[in-house]
Amino acid sequence: MDNEQQSYDLIIIGAGPAGLAAAIYTSRASLSTLVIDESMAGGQVKTTHQVANYPGFVDPIAGHELARNMRDQAARFGTRFELAAEISAIQLDKPEKTVTIDSTQYSTRNIILATGSSPRLLNVPGEIEYKGSGVSFCATCDGEFYKDKDVTVIGGGNSAMEESLLLLQMVKSLTVIHQFDELQAEKITANKVLNNPKTKILWSHEPREFIKSGEKMVTKAENLKTKEIVTLESDGIFIFAGMVPNTTLFKNSSLNLSEQGYILANENMETNLSGVYAAGDVRVKKYRQITTAISDGTIAALSIIQKR
Amino acid sequence: MLQTKLTTLQSKEELTNLIAAEEKVAVCCGRMGPMCIPVYGIFEVYEEKYPEIKFRNMDFDTPDADIIKQLPECRGFNGLPFTVYYRNGKVVKATTSIQSAKQIKDIIDEVFA
């Protein structure tokens, strides 16, 4: 197949709220805009059950519906989309930035990185191998498969405790494995979990391996203080280990990142690389909300529009 | 009700007739949950990219979804959605839980090439 080249005024990597808000602004300002995402449009919003704190909706709106509306709104103003796309190469350091998908190379002088963040993987054996057949990342989705059974929850943050509360309505017992001596979740939620008679907890432990044994799952966890390995058998394992920024794609660039891997950007969303902007959950910031992502995307878009 | 742009299979008969009539069929059986929605979205994109493949979804809670749930290939599945790929009426691949666009593309390349 021949290689194809396409040029845009702006390319946005990531079709979550930050990227879509930017696309709405730049497309309305007649900048040719391409949005690329490795999945469908919507970012984390699309998988949020109900959004109740987004202004303009008196009643809660389903996350997937809000995401679809944002995408359709951007498309109506002329935004082009490359969704479910696998980026094979990206070049950010030169004035002319390029993104390669299959045999097509897209070029631009302005790019917004709005790749968001993803659930953190533990990177231990068995985690991916048994996904869906003993290891789960969603209590809402898979909790009912473990009705009246014993489950293990990995994590002690807000997500882990909120999902644990849901699981406690269904399961026979729930064992939390947490790396610290106290839970990081908000106290009110954490206490509800800790005070439930079905809950057990392994403090200062970290999973090292998940093994399938017949219908059961075996967790091998290390006591971080004594280095002793304990073995815990349950019917299923739910992992909620926080979030990580999606910046792997940019590892070969000179982009400045924080120690945690988030992109550093100024108040105009400009990064250290000329013509490269960051918006949404992927950048260093205090609050990660739909509204703050929309704000970032808007600022990045306006910064680019005003340069014309 | 599944709120997607995919055609939803309403009954066992619809699925049986579809896999009898079409060589390449992919069915995502789930709910409107966080693990299922991305797969429906990727199917929507791939529906345009791979017109020879019939992409469908099915409500996991409809009794007729037993035709998917009780497949031997889905035994031991404990994560939504259950996604099943049929070629010439036979199951050629089944996956449990969320899959990325790349994983789905790899399966398509593997079983529908």
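Everything discussed here concerns the structure shown above.
Report follows, based on the coordinates. (Residues numbered from 1 in each chain as written. Chains lettered and ligands numbered in written order. Predicted model: local features only at pLDDT ≥ 70, side-chain atom pairs only at ≥ 80, totals over all residues. Heavy atoms only, no water.)

A tally of helices and strands in chain B yields 4 helices and 5 strands. Since a compact globule built from 113 residues should have a radius of gyration of about 13 Å, the 12 Å found for chain B is in line with a globular shape. Within chain B, the fraction of its 113 residues that count as buried is 53%. Taking the contacts inside chain B whose residues are at least 6 apart along the sequence as the reference set, 64% of them involve residues at least 24 apart. Working note: accessible area of chain B is about 4,900 Å², and carbon and sulfur atoms make up 49% of it. A distance of 4 Å separates the average location of the 14 positive side-chain charges in chain B from that of its 16 negative side-chain charges. (Helix = DSSP H or I, 4+ residues; strand = E, 2+ residues; numbered from the N terminus. Rg over C-alpha atoms; globule rule 2.2 N^0.38 Å. Buried < 20%, exposed > 50% of the residue type's maximum accessible area, 1.4 Å probe, protein only. Contact = heavy atoms within 4.5 Å. Areas by Shrake-Rupley, 256 points an atom, 1.4 Å probe, with all protein chains shown as cover. Lys, Arg positive; Asp, Glu negative; His and termini not counted. Charge placed at Lys NZ, Arg CZ, Asp CG, Glu CD.)

A word on the pattern of salt bridges. Residue and element names in this part refer to chain B. Counted by the stated rule, this structure contains 19 salt bridges over all chains. Among the ionic pairs, Asp61 bridges to Arg31, the shortest N-O distance being 2.7 Å. Taken together, the residues span a long stretch of sequence, with Asp61 in the loop between strand 3 (54–59) and helix 3 (66–69) and Arg31 in the loop between strand 2 (24–30) and helix 2 (37–49) at a distance of 30 residues. With a relative accessible area of 47%, Asp61 lands in the partly exposed category. A salt bridge links Lys93 to Glu110; the nearest nitrogen and oxygen atoms lie 3.9 Å apart. On the criterion of sequence distance, the pair formed by Lys93 in strand 5 (residues 90–96) and Glu110 in helix 4 (residues 101–111) is long-range, its members being 17 residues apart. (Salt bridge = Lys/Arg side-chain N within 4 Å of Asp/Glu carboxyl O.)

Here the focus is the packing of aromatic side chains. The geometry of an aromatic ring pair comes down to the distance between the two centres and the angle between the two planes. Under the defined criterion, the tally for this structure stands at 11 aromatic pairs over all chains. Geometrically, the ring pair formed by Phe145(A) and Phe60(B) is edge-to-face, given 6.1 Å between the ring centres and 80° between the ring planes. Here Phe145(A) is found in the loop between helix 3 (139–142) and strand 13 (150–154), whereas its partner Phe60(B) is found in the loop between strand 3 and helix 3 on a different chain. Overall, the relative accessible area of 17% leaves Phe145(A) in the buried class. Aromatic ring contacts, followed pair by pair, group Phe145(A), Phe60(B), Phe77(B) and Phe82(B) into a single cluster. The ring of Tyr262(A) has Arg288(A) sitting right over it, with the charged end atom 4.1 Å from the ring centre. Directly above the aromatic system of Phe60(B) lies the positively charged group of Lys69(B), at a separation of 4.3 Å from the ring centroid. (Phe/Tyr/Trp six-rings, centres within 6.5 Å; stacked < 30°, edge-to-face > 60°. Lys NZ or Arg CZ within 6 Å of the ring centre and 35° of its normal.)

Considering all chains together, one arrives at 1 disulfide over all chains under this definition. The residue that forms a disulfide with Cys138(A) is Cys141(A), at a sulfur-sulfur distance of 2.3 Å. Taking the torsion about the sulfur-sulfur bond, which here is approximately 70°, the covalent link between Cys138(A) and Cys141(A) counts as right-handed. The exposure class assigned to Cys141(A) is buried, which follows from its relative accessible area of 4%. Its sulfur unpaired, Cys29(B) is 7.6 Å from the next cysteine sulfur, which belongs to Cys28(B). Looking at the unpaired Cys74(B), the closest cysteine sulfur is the one in Cys29(B), lying at 8.2 Å. (Disulfide = S-S within 2.5 Å.)

With that settled, the discussion passes to helix 4 (residues 158–168) of chain A. Taken as a whole, helix 4 of chain A has its buried residues at Ala160(A), Met161(A), Glu163(A), Ser164(A), Leu167(A) and Leu168(A). Summarising the axial view, the buried residues of helix 4 of chain A lie within an arc of 165°, below the 170-degree limit, and thus occupy one face. (Arc of directions from axis to C-beta.)

What follows concerns the sheet that holds strand 16 (residues 205–213) of chain A. Sheet strands line up and pair through hydrogen bonds in the backbone, either parallel or antiparallel. All names here are of chain A. Here we have 3 strands laid out as an open sheet, ordered 16-17-18, and antiparallel in their pairing. Each end of this open sheet is capped by a strand with a single partner; those strands are strand 16 and strand 18 (229–234). Pairs of neighbouring strands in the sheet enclose a mean axial angle of 25°, with direction left out of account. Two strands pair when backbone bridges link them, and strand 16 and strand 17 (residues 216–223) are joined in this way by 8 bridges, in the antiparallel orientation. Bridge pairing links Pro207 to Ala221 in strand 17. (Pairing = 2+ DSSP bridges. Axes fitted to C-alpha atoms, helices over the stretch in contact; angles between N-to-C directions.)

Turning our eyes to something else, we now look at the packing of helix 2 of chain B against helix 4 of chain B. Residues and elements named next belong to chain B. Two elements in contact, helix 2 and helix 4, have axes whose closest approach is 10 Å; the angle formed by their N-to-C orientations is 55°. When the axes of helix 2 and helix 4 are compared, the pair comes out oblique. For the pair helix 2 and helix 4, the crossing hand works out as right-handed. Of the residues in helix 4, those in contact with Val39, Ile42, Phe43 and Tyr46 of helix 2 are Ala101, Ile104, Lys105 and Ile108. (Parallel < 35°, antiparallel > 145°, perpendicular 65-115°, else oblique. Left-handed = near helix turned anticlockwise from the far one by under 90°.)

Residue and element names in this part refer to chain A. Summarising burial for strand 14 (residues 173–177): 5 of the 5 residues are buried, a large majority. Of the two faces of strand 14, the one lined by Ser173, Thr175 and Ile177 and the one lined by Leu174 and Val176 are each fully buried. When strand 13 meets strand 14, the two strands line up parallel, connected through 5 bridges. Within strand 14, the residue paired with Thr152 across the bridge is Thr175. As a crossover connection, the stretch from strand 13 through helix 4 into strand 14 is right-handed. As judged from the 4 bridges shared by strand 14 and strand 15 (residues 199–202), these two strands associate in the parallel manner. From the neighbouring strand, Thr175 faces strand 15, where its bridge partner is Lys200. (Right-handed = clockwise from strand over helix to strand, strands pointing away.)

It is worth spelling out the side chain of Thr95(B) at this point. As for its placement among the helices and strands, Thr95(B) is situated in strand 5. Each residue touching Thr95(B), except ones within four places of it in the same chain, is listed here: Phe77(B), Pro81(B), Phe82(B), Thr83(B) and Ile107(B).

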